[in-house]
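Architecture at a glance
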Amino acid sequence: MVNSIIWFRNDLRINDNAVINYCLKNKRKVLPVYIYDPSTSLGSASKWWLKRSLISLNNSLKGNLIVIEGEPSKMLLDLVNKNSIKEILWNERYSKYDRSQDNEIINIYKNKEVNCITFHSCLLKNPQKTLKKDATPFKVYTPFYKQQYQGIAYELFNYNTDEIDYIDCDDKKQILKILDMTLRTEKWQEKLQDEWSPGEAGAQEKLKVFLSNGLNGYSEGRNRPDKQHTSMLSPHIRFGEISIREVAKAVENKNTEDAEIFYKELVWREFSYHLLYHFPHLVDKNLQKKFDKFKWLDNKDHLESWQKGMTGYPIIDAGMRQLYQTGYMHNRVRMIVGSFLVKNLMLHWSHGQKWFWDTLVDADIASNSASWQWVAGTGADAAPYFRIFNPITQSKKFDPDGVYIKKYVHELKNIPNNIIHMPSDYDIETLKNYGLILGEDYPFPIVDLSITRNRALSAFKELSAEK
Ligand code: FAD
């Protein structure tokens with residue numbers, strides 16, 4: 001009997017997992033392990049999620065999960081020696097840091113009697129293999145989708161998780177103690193409890209609800225933050241609590257526009273990973289190099305007003321408060337607050353990327369970095385910099401009755417629909433009638449939209465004129 005380590009990372013599930021499939025088909029005795037690597041600097045909301053997700057995974061694994069903290073190669077070596085391990089198995093991750101860590105571990109065992117075997121269960125396809133016909137990476141989404149993903153039928157693994165055969169190991173009993181020590185929760189994170197159920201069961205429930213309530217009408221409804229049309233699966237997908245192939249398969253044979261558009265969103269995630277894999281500097285450098293010379297501003301007060309949801313633009317403030325209160329923000333609003341930060345405030349996209357990294361429960365290295373570069377116009381196939389969202393127009397179009405705004409900006413709960421999108425356009429007396437004093441109850445706008453729009457366009461023009 002071969003003893004194998006299952007090294008869990010971004011695949012915190014037991015169903016449709018290539019590593020578990022391998023172990024069951026090859027009758028391995030397994031030691032399931034999660035190693036918390038403090039050098040990976042996970043955001044606060046992600047830590048909150050991870051802790052609960054590991055507890056849930058441990059339950060699925062019948063209390064057999066080992067959770068340890070430390071440098072993965074050292075931790076693995078220790079477990080290998082103590083448990084006569086002959087194989088280390090894991091699903092690949094795709095950032096530069098993760099890949100170099102994986103290679104380092106593979107090298108350690110190169111001439112030893114321990115095999116490192118890797119699989120791909122975090123994405124629909126291995127990004128190494130989704131190249132153009134000329135073997136170069138895609139930089140445009142539509143051909144990427146059409147040539148690599150359109151019309152694919154996915155197969156799921158078929159196995160019985162009750163047959164997993166575990167190695168006995170004393171370290172198992174430590175799990176709660178270690179999780180409490182390494183993944184401490186702050187006061188503000190307690191609110192996340194009301195919104196989410198991390199783990200495989202929570203993910204399955206979200207998929208079920210989406211298929212019966214959200215999918216029908218998704219193509220239009222997904223743009224409406226005041227309605228519940230999107231799946232809310234993103235944190236579950238981020239931590240691999242549900243197989244991305246299972247999500248794709250669930251809409252595979254529906255033959256509706258709604259199902260196709262939803263599947264295309266899953267492929268946007270694949271595209272983000274494709275960019276991360278082939279352009280690892282996506283995380284910290286402009287993909288379009290000309291933006292290296294862009295004259296970003298530096299204004300701490302503006303950044304803080306944006307982070308706190310105190311800009312005086314209700315749709316922006318609702319989005320930023322939704323993020324802080326729930327660890328999530330609707331995609332349409334992510335685009336609006338993103339455009340406001342990088343264009344109206346002219347602050348570097350990395351400020352937004354960092355704040356989202358810390359506060360989103362779905363904070364994902366590929367999707368977050370690619371989306372910020374998309375919003376900023378600095379990325380591949382990005383929204384051009386000169387296309388600047390007007391938050392008031394967006395608000396009127398996608399939250400016409402102010403339902404979303406009122407949910408998160410309580411100061412405006414008595415303001416009628418026609419005024420709510422931009423209260424500062426109305427005179428003091430009108431607002432007073434609705435119990436609102438600007439500057440006291442709710443801020444005046446921190447910038448003028450038209451002046452800042454022109455400022456951004458001039459800066460972009462100047463950049464474009466440079467040789
Ligand atoms: P649904 O509409 O139900 O979509 C289903 C799934 O498809 C999502 O769960 C997600 O896995 C994927 N998906 C949908 N839209 C996108 C997209 N544009 N790019 C990549 N994947 C997508 N998504 C993250 O998962 N993590 C992030 O850190 C993240 N940061 C973002 C930052 C900015 C500035 C912007 C504009 C978008 C970001 N997104 C990120 C993408 C998107 O906003 C979320 O995936 C989506 O809002 C999640 O909600 P949902 O699960 O209900 O989505």
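Residues numbered from 1 in each chain as written. Predicted model: local features only at pLDDT ≥ 70, side-chain atom pairs only at ≥ 80, totals over all residues. Heavy atoms only, no water.

**Side note on helix 12 (residues 257–278)**
In an α-helix, one full turn covers 3.6 residues, which means residues spaced three or four apart are oriented alike. Note the cut-off: Helix and strand definitions here come from DSSP, where helices need a minimum of 4 consecutive H or I residues and strands a minimum of 2 consecutive E residues; each element is numbered from the N-terminal end. Between the first and last residue of a helix there are one fewer steps than residues, each counted as 1.5 Å, and that sum is the expected span. Under the scheme applied here, a residue whose accessible area is under 20% of the maximum for its type counts as buried, over 50% as exposed, and between as partly exposed, the area being computed with a 1.4 Å probe on protein chains only.
Between its terminal C-alpha atoms helix 12 stretches 31 Å, which fits the 32 Å expected from 22 residues at 1.5 Å a residue. A large share of helix 12 lies buried, amounting to 16 of its 22 residues.

**Regarding the site of the ligand**
The condition is simple: Put simply, a residue is near a molecule or strand once any heavy atom of it comes within 4 Å of that molecule or strand. Contacts described as polar in this section are N or O atom pairs within 3.5 Å, which, within protein, must combine one atom able to donate a hydrogen with one able to accept it, while residues neighboring in sequence count only if both atoms come from side chains. Shrake-Rupley sampling with a 1.4 Å probe provides the accessible areas, and residues are treated as covered by the protein chains on show and by no other component. Charged means Asp, Glu, Lys or Arg here, nonpolar means Ala, Val, Leu, Ile, Met, Phe, Trp, Tyr, Cys or Pro, and polar covers whatever is left, Gly included.
Inspection of the region around the ligand gives 26 residues, with Tyr218, Thr230, Ser231, Met232 and Asn331 positioned closest. Separating an oxygen atom of the ligand from a side-chain N or O atom of Thr230 is a distance of 2.7 Å. Between the ligand and Met232, the relevant distance is 2.7 Å, taken from an oxygen atom to a main-chain nitrogen or oxygen of the residue. Relative to its free-state accessible area of 820 Å², the ligand is covered by the protein chains to the extent of 95%. Within the residue set of the shell around the ligand, elements represented by two or more residues are helix 10 (234–238), helix 12, helix 15 (331–344) and helix 17 (365–376). Partitioning the shell around the ligand into residue classes produces 14 nonpolar, seven polar and five charged.

**Considering the environment of Gln204**
The criterion, for reference: In this analysis, two residues are considered to be in contact whenever any of their non-hydrogen atoms come within 4.5 Å of each other.
Within the element layout of this structure, Gln204 appears in helix 8 (residues 200–214). By relative accessible area, Gln204 is classed as partly exposed at 30%. Sequence-wise, Gln204 and Glu246 are 42 residues apart; in three dimensions their C-alpha atoms are separated by 9.9 Å. Ignoring anything within four residues of it in the chain, the contact list for Gln204 reads Ile242 and Glu246.

**Let's talk about the pattern of salt bridges**
Filter applied, for reference: For this document, the term salt bridge refers to a Lys or Arg side-chain nitrogen within 4 Å of an Asp or Glu carboxyl oxygen.
This model, assessed by the stated rule, comprises 17 salt bridges. Residue Arg9 is joined to Asp102 by a salt bridge in which the shortest nitrogen-to-oxygen separation is 3.0 Å. With Arg9 in the loop between strand 1 (3–8) and helix 1 (18–25) and Asp102 in helix 4 (residues 96–108), the pair connects residues that are 93 residues apart, well separated along the chain. Here Glu462 and Lys295 are joined by a salt bridge, their closest N and O atoms 2.4 Å apart. Separated by 167 residues along the polypeptide, Glu462 in helix 22 (residues 449–465) and Lys295 in the loop between helix 12 and helix 13 (300–308) bring together distant segments of the chain.

**Digging into the packing of aromatic side chains**
What counts is decided by this rule: Here is the rule: rings of Phe, Tyr and Trp (six-membered ring for Trp) pair when centre to centre is within 6.5 Å. Planes less than 30 degrees apart are stacked, more than 60 are edge-to-face, and the remainder are tilted. Over a ring means this: the NZ of a Lys or the CZ of an Arg is within 6 Å of the ring centre and within 35 degrees of the ring normal.
Counted according to the given criterion, the structure contains 34 aromatic pairs. Ring geometry for Phe144 against Phe271: centres 5.2 Å apart, planes inclined by 50 degrees, an arrangement best described as tilted. A residue pair is termed long-range when its members are at least 10 positions apart, and Phe144 in helix 5 (residues 141–148) and Phe271 in helix 12 qualify at 127 residues. We classify Phe271 as buried; its relative accessible area is 1%. On the basis of an interplanar angle of 85 degrees and a centroid distance of 5.7 Å, the ring pair of Phe210 and Tyr218 is categorised as edge-to-face. Accessibility assignment for this pair places Phe210 and Tyr218 in one class, buried. Members of the aromatic cluster, each reached through a chain of ring pairs, are Phe138, Tyr141, Phe144, Tyr145, Tyr149, Tyr154, Tyr263, Trp268 and Phe271. Above the face of the Tyr109 ring, Lys112 is positioned so that its terminal group lies 5.9 Å from the ring centre. Over the face of the ring belonging to Phe239 we find Arg238, whose NZ or CZ atom lies 4.0 Å from the ring centre.

**Observations concerning the packing of helix 5 against helix 12**
Definition in use: With axes taken as lines fitted to C-alpha atoms, and helix axes fitted only over the stretch in contact, angles between N-to-C directions fall between 0 and 180 degrees. Angle categories: roughly parallel below 35 degrees, roughly antiparallel above 145, roughly perpendicular from 65 to 115, and oblique for all the rest.
Running from amino to carboxyl end, helix 5 crosses helix 12 at an angle of 110 degrees, the nearest separation of the two axes being 10 Å. Put simply, helix 5 runs roughly perpendicular to helix 12. Contacts between helix 5 and helix 12 pair Tyr141, Phe144 and Tyr145 from the former with Glu260, Tyr263, Lys264, Val267, Trp268, Glu270, Phe271 and His274 from the latter. Tallied by class, the residues present in the contact of helix 5 with helix 12 amount to seven nonpolar, one polar and three charged.

Such coordinate-based values are descriptive only and should not be taken to indicate function.
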